[in-house]
Amino acid sequence: YICLTVSFSVLAVTCLLVTAGQDLSLFVVTDTGVIRVKAALYGRADRETCSEGKPPQQLSNTKCSQHGTVDILRKRCDGKKVCELNTNIVRTSDPCYGIFKYLETNYTCFPATFSFNFSTFHRLVLLFFADEGQVIFVYGADYGRRDRTTCSYQRPTSQIQYVLCSNPTSKVAEICNGKNSCTIRASNSVFGDPCVGTYKYLEVAYVCQCK
């Protein structure tokens, strides 16, 4: 077998000097597949990036970056078509006090298949199958609700109005990666309950690749 994956790499940068009440956002969007974060930096690595109009003292430290930023972005964005980031999500510390910081994200867009299953009052099972000689590779998964339309048929408004309760989960990858077929139950007992009373669903982005 010969496996060919077509992807392209994108570098996204947003500039921010963290001050009280500031909450700047960075949107990462792909029309060709799903996001896979390759690298990320929150801090400053040079004097040129996001330097226009800034005094020298705010650009003086070029070796300050927050540890673990790439893990935060991967948990938030991997396997999604659209990902929104802001300072509240990324900033867990101040790697360089008084320095004008920026968020730099290097990501790739991969083609992927999306599967949905829903659960709150039912324990439905999601099945994955790969062709012979191939195995499953999960890019990312979310359990909860991110919009009002997915898995909403005949559901009362009260069960689909809360759309900010989707939690990224690595359990699907842990269970399914490297297998030719996989069965996983979409239920609170497996993934916890990110929003009580909301009709939830399990969203998975995955590909089948050569074994």
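Preceding this paragraph is the structure being described.
Computed from a predicted structure; not experimentally measured. (Residues numbered from 1 in each chain as written. Predicted model: local features only at pLDDT ≥ 70, side-chain atom pairs only at ≥ 80, totals over all residues. Heavy atoms only, no water.)

Some thoughts on the pattern of salt bridges
Working step 1: A complete count under the given rule lists 3 salt bridges for this structure.
Working step 2: Between Asp94 and Lys101 there is a salt bridge, with the nearest N and O atoms lying 3.3 Å from each other.
Working step 3: A residue is classified by how much of its surface remains accessible, and Lys101, at 2% relative accessible area, is buried.
Working step 4: We note a salt bridge from Glu203 to Arg146, for which the minimum N-O separation is 2.7 Å. In this pair, Glu203 sits in strand 12 (residues 200–210) while Arg146 sits in the loop between strand 9 (134–144) and helix 3 (157–160), placing the two residues 57 residues apart along the sequence.
Working step 5: Since its relative accessible area comes to 10%, Glu203 is described here as buried. (Salt bridge = Lys/Arg side-chain N within 4 Å of Asp/Glu carboxyl O. Buried < 20%, exposed > 50% of the residue type's maximum accessible area, 1.4 Å probe, protein only. Helix = DSSP H or I, 4+ residues; strand = E, 2+ residues; numbered from the N terminus.)

Thoughts on helix 1 (residues 69–77)
Working step 1: When we look at burial in helix 1, the residues that qualify are Thr69, Val70, Leu73 and Cys77. Buried residues along helix 1 cover an arc of 95 degrees about the axis, so they all sit on one side. Facing away from the buried surface of helix 1 by more than 90 degrees, the exposed residues are Asp71 and Lys75.
Working step 2: Following helix 1 by one or two positions, Gly79 adopts a phi angle in the positive range, close to 85 degrees. (Arc of directions from axis to C-beta.)

Section: the packing of aromatic side chains
Working step 1: In this structure the tally under the stated criterion is 2 aromatic pairs.
Working step 2: The ring of Phe100 carries Lys54 above its face, with NZ or CZ at 4.4 Å from the centroid.
Working step 3: The residue whose ring lies beneath Arg155 is Tyr199, and the NZ or CZ to ring-centre distance is 3.9 Å. (Phe/Tyr/Trp six-rings, centres within 6.5 Å; stacked < 30°, edge-to-face > 60°. Lys NZ or Arg CZ within 6 Å of the ring centre and 35° of its normal.)

Digging into the state of the cysteines
Working step 1: Tallied over the full model, the rule gives 3 disulfides.
Working step 2: Across a sulfur-sulfur distance of 2.3 Å, Cys64 and Cys96 are joined as a disulfide pair. The S-S bond linking Cys64 to Cys96 shows a torsion near 65 degrees; that makes this disulfide right-handed. Of the two residues, Cys64 sits in strand 4 (residues 64–65) while Cys96 sits in the loop between helix 2 (87–90) and strand 6 (101–110), which places them 32 residues apart along the sequence.
Working step 3: Relative accessible area serves as the criterion here: at 3%, Cys64 is assigned to the buried category.
Working step 4: What makes Cys96 buried here is its relative accessible area of 3%.
Working step 5: Here Cys176 engages in a disulfide with Cys182; their sulfurs sit 1.9 Å apart. Between Cys176 and Cys182, the disulfide has an S-S torsion of -60 degrees and is therefore left-handed. (Disulfide = S-S within 2.5 Å.)

A word on the pairing of strand 12
Working step 1: Buried residues dominate strand 12, accounting for 8 of its 11 residues.
Working step 2: As defined by bridge partners, strand 9 adjoins strand 12 across 10 bridges and the pair is classed as antiparallel. Note on strand 12: the bridge partner recorded for Val138 is Tyr206. (Pairing = 2+ DSSP bridges.)

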